[in-house]
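Residue-level listing of the chains:
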2 protein chains.
Amino acid sequence: MRVEIVAIGTELLLGQIQDTNSTWISERLAEVGVDCHFQSKVGDNLERIAESIRRSLSRADGVILCGGLGPTQDDITREAIAQVVGEELEVDPEMVEKIRVFFAARNRQMPENNLRQAYKPRSAYFIEQRKGTAPGLICPVGPKVIYAVPGVPVEMRDMVERSVIPDIVSRSGTASYIGSRVLRTWGFSESALAELVAPRLELLEDSRRATIAFLASGAEGIKLRITAKGDDREKVELILKDEEEGLRSILGENVFGVDDETMEYAVGERLKAKGFTLAVAESLTGGLISSRIVSVPGASQFFKGSVVSYATSVKRNLLGVSSEEVVSKQAALEMAKGVMSALGAEVGISTTGVAGPDSQEDQPVGTVWVGLCIARADGLFTEAKEFKFPSGDRATIRSLTAISLMDLLRRRLS
Amino acid sequence: MRVEIVAIGTELLLGQIQDTNSTWISERLAEVGVDCHFQSKVGDNLERIAESIRRSLSRADGVILCGGLGPTQDDITREAIAQVVGEELEVDPEMVEKIRVFFAARNRQMPENNLRQAYKPRSAYFIEQRKGTAPGLICPVGPKVIYAVPGVPVEMRDMVERSVIPDIVSRSGTASYIGSRVLRTWGFSESALAELVAPRLELLEDSRRATIAFLASGAEGIKLRITAKGDDREKVELILKDEEEGLRSILGENVFGVDDETMEYAVGERLKAKGFTLAVAESLTGGLISSRIVSVPGASQFFKGSVVSYATSVKRNLLGVSSEEVVSKQAALEMAKGVMSALGAEVGISTTGVAGPDSQEDQPVGTVWVGLCIARADGLFTEAKEFKFPSGDRATIRSLTAISLMDLLRRRLS
């Protein structure tokens, strides 16, 4: 089965927002073995949206429309679909009620505008909206089909996972299955990684049982995506498992996670395994590490909290930093120890450095010290490490610092 | 003049990499007043690339092809262009020499593959490559034109700015200029905002001097984009200024920023204006607010730091929270006061609540209390506010809490 994607919104054509929805949907389609040969972006223009829909249906078996289902006047995806299928839009009383209830439940007045979302072409049916007010649409066109989902990513993802993909799979019938697995690595340059993996890639080129793609992901490290296609899930899973083992034997501890497992997740797992709690002292990173740690469900099992000691006075008063220079090995160590005892944790980590735009204590932008402190049964383990990141923007320096320190902790906890 | 963009690469259709190039090019086109009505993505397939080029040329005056100029066998953009213009590819001896020199200068052996990059249709001419080896192409087709640039962003951007845009501008002749301005709002639902602005939209529909678009941006609020087109920059700036004033008179304090101005930026500006410093106590948000505050350059002028009191013990020991229940009005107020005095700031804010997945103290997921404490000349101002967010994912609840609290602080500081 072939499906195309059409992202709708003038703001996309003006480059004011990035179309991440098509990318995400593409991945889902690939995973279920559906081919996607064309994708397009079109503005909030009735004729051009209709043209895009017709074009896609002329080439493929289905089209997924993303965006233009909101309550405002420039949300005209419903109208475009009606034009393509040659039907009038008609209001659905049940949907009107649902939308009223949505607002009532939040003690909010329902703007009349929102009633536009209760309209659909007669032959279409709604995809239930569970995150907002705009329902999606599934509109059969002879043997083909038009799907419409909102442009708000969280709403789009929910509907695509819950309704669109299952409907496509049931229509496509074919049992062909594509599975993929991502190994997340930290510690290699892309070329070094490529050299290490090269022999394995050559084997695969002969066997053709799977493909391996490199996805350089900046401060998230380099991802290795293994993709295998087969008649059924079991066969594909077997190949993926085999390839994963092969790659792990080459990459060892540099693999920190699989698929959606983040570095903070890996750190959390190791802390729980050791029964340690964590405290963080953040100067340079200003709370970034903490906010990433708490993004792990169940973080309260191992995370005590942190002190963001942005001002020097906070370093001194709350963390007992005595070091003259606050961007230094001593300061990093004092911060890690200080936060560990202040919060009563077994593990303390710290960051201090120069994020820019200005240099500090005559140290260039990108100079970073991290500290690490673990209360082991055999005594206190402490370590400090300096990084000199290419002076990029503040956000990049912070992200690189955060993952570098979490990776260091991960390795020391194993 | 109308130009379309075609991003080329199977990895784009598989969702393995995000097409940021089209977005970037779109912005450049808008800046010079060139309309872009359609954009598309197509894989490394000769027939389908050629079809995309023909389709674009049938609708627009030019098309920019992005990607597929590399040295490998699946880089076939050159071949597709040749097919569309009905010419053979011919090698350009000068370009062969240039590519040899590129490698020699880096003491690298030139793979024979790279010579493919020295080929072009007879009637096309090269765009000099200054960052890598693949030259770009400008290929006139009657009165229309095909541009081809590499998919590597740094190479693409250099060629588009240096050659493609200037060529488009000289072809389009018209000096027409498009400018836009984004007003960022917090406090409205999209439809409520639409109703408020409706009268103004109607006026614009008659005058046609500008357009206003709504960009619902989740936890960043709703953006109103004003776009105006005119003969020159001055005229356009005047219209934008006028429209901004008109909208501000309707939306008042709900407008917190313009273009790239974030809520944390707005908060920072008001703190600096008052000469106040800020301390943050984060439980629910776990460092998110702090990391957003420090993303503002110069944050050290007003930001002291924060205490992420994830564990109850930290709330009690570092912030002096005595309240039995930690998700409560009293706890929020105690946290705000506690962090204010512990860090020696004039302003303290706090968050406590239930991010899920499990409920806490019998309170449902999405229950949030925020606290606010300002040491004014006329005494201590304190305020607490409860939010009940639809129990979504943890990240959404945290983002909504962060911006809601920063917005509250912004309003109280004015």
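All values derive from a computational prediction rather than experimental measurement.

Colleague: Help me out: how do you make sense of the overall build of chain A in this one?
Modeller: When its secondary structure is counted, chain A shows 13 helices and 17 strands. With respect to the three principal axes, the spread of C-alpha positions in chain A is 75 × 60 × 40 Å. Taking the intrachain contacts of chain A between residues at least 6 apart in sequence as the baseline, contacts between residues at least 24 apart amount to 67%. Within the structure as shown, chain A displays about 16,600 Å² of accessible surface, and the carbon and sulfur contribution to it stands at 49%. Both charge centroids of chain A, one from 50 positive and one from 58 negative side chains, sit 2 Å from each other.

Colleague: Whenever I open this one, the interface of chain B and chain A confuses me. Can you help?
Modeller: Accessible area lost on assembly of the parts is the figure often given for the size of an interface. The interface of chain B with chain A comprises 70 residues on the first partner and 73 residues on the second. At the boundary of chain B with chain A, total buried surface from both sides reaches about 5,300 Å², with 55% on carbon and sulfur atoms. Taken together, chain B and chain A are joined by 2 salt bridges. The partner of Arg-59 of chain B in a salt bridge is Glu-51 of chain A, with the nearest N and O atoms 3.2 Å apart.

Colleague: Explanation requested: the sheet that holds strand E11 (residues 222-230) of chain B in the structure shown.
Modeller: Residues and elements named next belong to chain B. Across the sheet, which stays open at both edges, the 4 strands sit in the order E10-E11-E9-E12 with antiparallel pairing between neighbours. At either margin of the open sheet sits one strand with a lone partner, and together these are strand E10 (210-216) and strand E12 (255-258). This sheet shows a mean twist of 25° between the axes of neighbouring strands, independent of strand direction. Relative to E11, E10 runs antiparallel, the two being bridged by 7 bridges. Its bridge partner lying in E11, Leu-215 is registered against Lys-223. Where helix H7 (residues 190-207) meets the sheet, it contacts strand E9 (177-185), E10 and E11, and its direction lies at approximately 170° from that of E10.

Colleague: What should I look at first to understand the packing of helix H3 (residues 46-59) of chain B against helix H4 (residues 77-85) of chain B in this one?
Modeller: Helix-helix packing is described using two parameters, namely the angle between the two axes and the distance between the axes. All names here are of chain B. Contact pair H3 / H4: the axes reach a minimum separation of 9 Å and the direction vectors enclose 55°. When the interaxial angle is binned, H3 and H4 end up oblique. In the crossing of H3 with H4, the sense of the turn from one axis to the other is right-handed. Counting all contacts with H3, which are made through Leu-46, Glu-47, Ile-49, Ala-50, Ile-53 and Arg-54, the residues of H4 involved are Glu-79, Ala-80, Ile-81, Gln-83 and Val-84.

Colleague: Looking at this model, I keep getting lost on the pattern of salt bridges. Mind explaining?
Modeller: When their charged atoms lie close together, side chains carrying opposite charge are able to pair. Under the criterion given, the structure shown has 52 salt bridges over all chains. Here Glu-386 of chain A and Lys-388 of chain A are joined by a salt bridge, their closest N and O atoms 3.3 Å apart. Residue Glu-386 of chain A is classed as partly exposed on the basis of its relative accessible area, which comes to 33%. Linking Glu-253 of chain B and Arg-270 of chain B is a salt bridge whose minimum nitrogen-to-oxygen distance equals 3.6 Å. Placement of the pair is Glu-253 of chain B in the loop between helix H8 (233-251) and E12 and Arg-270 of chain B in helix H9 (residues 263-274), with a sequence separation of 17 residues. Taking the relative accessible area as the measure of exposure, Glu-253 of chain B reaches 33% and is therefore partly exposed. Through salt bridges that share partners, Glu-4 and Arg-59 of chain A together with Glu-51 and Arg-55 of chain B make up one connected network.

Colleague: Looking at this structure, how should I read the sheet that holds strand E15 (residues 347-353) of chain A?
Modeller: Pairing between the strands of a sheet is mediated by backbone hydrogen bonds and can be parallel or antiparallel. Taken in spatial order, the 10 strands of this open sheet run E17(A)-E16(A)-E15(A)-E13(A)-E14(A)-E14(B)-E13(B)-E15(B)-E16(B)-E17(B), and their pairing is mixed. The sheet is open, and its two borders are formed by strand E17 (379-388) of chain A together with strand E17 (379-388) of chain B, each paired with just one other strand. On average, adjacent strands in this sheet sit at an angle of 10° to one another, irrespective of strand direction. Two strands pair when backbone bridges link them, and strand E13 (residues 278-282) of chain B and strand E14 (residues 303-308) of chain B are joined in this way by 5 bridges, in the parallel orientation. Bridge pairing in E14 of chain B links Ala-279 of chain B to Gly-305 of chain B.

Colleague: Explain the packing of aromatic side chains here, please?
Modeller: Aromatic rings considered in pairs are described by the distance between their centres and by the relative angle of their planes. In this structure the tally under the stated criterion is 6 aromatic pairs over all chains. Each ring, one from Phe-387 of chain A and one from Phe-389 of chain A, has its centre 5.4 Å from the other, and the planes form 5°; the classification is stacked. When sorted by exposure, Phe-387 of chain A lands in the same class as Phe-389 of chain A, which is buried. The ring of Phe-38 of chain B has Arg-59 of chain B lying over it, and the distance from NZ or CZ to the ring centre is 3.9 Å. Sitting over the face of the ring of Phe-126 of chain B, Lys-120 of chain B holds its NZ or CZ atom 6.0 Å from the ring centroid.

Colleague: I keep staring at the side chain of His-37 of chain A and nothing clicks. Help me out?
Modeller: Counting through the fold element by element, His-37 of chain A comes out in the loop between helix H2 (20-31) and strand E2 (38-42). Given the relative accessible area of 18%, His-37 of chain A is considered buried. A distance of 3.3 Å separates a polar atom in the side chain of His-37 of chain A from a polar atom in the side chain of Arg-48 of chain B. If we skip the residues at most four places from it in the chain, His-37 of chain A touches Arg-2 and Val-3 of chain A together with Leu-13, Lys-41, Val-42, Gly-43 and Arg-48 of chain B.

Colleague: In this structure, what is going on with the confidence of the model for chain A? I would like to understand it.
Modeller: Detail in the predicted coordinates should be disregarded across regions flagged by low pLDDT. Taken over all residues, the pLDDT of chain A has a mean of 92, while the share at 70 or more is 99%. ipTM for the predicted complex: 0.77, alongside a pTM of 0.77.

Colleague: It is not clear to me how the pairing of strand E1 (residues 3-8) of chain B should be interpreted in this structure. Could you clarify?
Modeller: Side-chain direction in a regular strand flips from residue to residue, so the side chains alternate between the two faces of the sheet. All names here are of chain B. Taking burial as the measure, the 6 residues of E1 include 6 buried ones, the bulk of the element. Because side chains alternate across E1, one face comprises the buried residues Val-3, Ile-5 and Ala-7, and the other comprises Glu-4, Val-6 and Ile-8, equally buried. One ladder, built from 5 bridges, connects E1 with strand E3 (residues 62-66); its direction is parallel. Bridge pairing in E3 links Ile-5 to Ile-64. Where E1 lies against strand E2 (residues 38-42), 4 bridges are found, and the strand directions are parallel. The residue bridging Ile-5 from the neighbouring strand is Gln-39, located in E2.

Colleague: Explain the nonpolar core here, please?
Modeller: Note that soluble globular proteins tend to have their nonpolar side chains buried in a common cluster. Residues and elements named next belong to chain B. Within the largest apolar cluster, 45 residues are counted, with the highest numbers of intra-cluster contacts made by Leu-271, Leu-278, Ile-289, Phe-303, Val-347, Ile-349 and Leu-409. Within the residue set of this core, elements represented by two or more residues are H9, E13, helix H10 (288-293), helix H12 (329-343), strand E15 (347-353), strand E16 (367-376), E17 and helix H13 (394-412). Ranked by residue count, the leading element in this core is H13, at 8 residues. Looking at which domains feed residues into this core, each of domain 2 (177-258) and domain 3 (263-412) supplies at least three. The contacts of Leu-278, once residues within four sequence positions are left out, are Leu-271, Ile-293, Phe-302, Phe-303, Lys-304, Gly-305, Ala-345, Val-347, Ile-349 and Leu-409.

Colleague: Can you walk me through the domain arrangement of chain A in this structure?
Modeller: Residue and element names in this part refer to chain A. With domains assigned, chain A is organised as domain 1 (3-172), domain 2 (177-258) and domain 3 (263-412). The C-alpha centroid of domain 3 is placed 31 Å from the C-alpha centroid of domain 2. Taken together, the contact between domain 2 and domain 3 spans 8 residues of the former and 10 residues of the latter. Taken together, the links from domain 2 to domain 3 amount to 1 salt bridge. There are 3 residue pairs in polar contact (both at pLDDT 80 or more) connecting domain 2 and domain 3. Among the residues making up the side of domain 2 that touches domain 3, the classes are represented as 4 nonpolar, 2 polar and 2 charged.

Colleague: Hey, could you run me through the pairing of strand E10 (residues 211-216) of chain A in this one?
Modeller: Residues and elements named next belong to chain A. As defined by bridge partners, E10 adjoins strand E11 (residues 222-230) across 6 bridges and the pair is classed as antiparallel. Residue pairing in the sheet places Thr-211 in a bridge with Thr-227 of E11. Where E10 folds back onto E11 in an antiparallel hairpin, the turn is made up of 5 residues, including Gly-218, whose phi is positive at roughly 55°.

Basis of the calculations
Residues numbered from 1 in each chain as written. Chains lettered and ligands numbered in written order. Predicted model: local features only at pLDDT ≥ 70, side-chain atom pairs only at ≥ 80, totals over all residues. Heavy atoms only, no water. Helix = DSSP H or I, 4+ residues; strand = E, 2+ residues; numbered from the N terminus. Contact = heavy atoms within 4.5 Å. Areas by Shrake-Rupley, 256 points an atom, 1.4 Å probe, with all protein chains shown as cover. Lys, Arg positive; Asp, Glu negative; His and termini not counted. Charge placed at Lys NZ, Arg CZ, Asp CG, Glu CD. Buried area = accessible area lost by both parts, 1.4 Å probe. Salt bridge = Lys/Arg side-chain N within 4 Å of Asp/Glu carboxyl O. Pairing = 2+ DSSP bridges. Axes fitted to C-alpha atoms, helices over the stretch in contact; angles between N-to-C directions. Parallel < 35°, antiparallel > 145°, perpendicular 65-115°, else oblique. Left-handed = near helix turned anticlockwise from the far one by under 90°. Buried < 20%, exposed > 50% of the residue type's maximum accessible area, 1.4 Å probe, protein only. Phe/Tyr/Trp six-rings, centres within 6.5 Å; stacked < 30°, edge-to-face > 60°. Lys NZ or Arg CZ within 6 Å of the ring centre and 35° of its normal. Polar contact = N/O pair within 3.5 Å; in protein donor to acceptor, adjacent residues only side chain to side chain. pLDDT = per-residue confidence, 0-100. Core = buried A, V, L, I, M, F, W, Y, C linked by side-chain atoms within 4.5 Å. Domains from an automatic or database assignment. Nonpolar A, V, L, I, M, F, W, Y, C, P; charged D, E, K, R; others polar.

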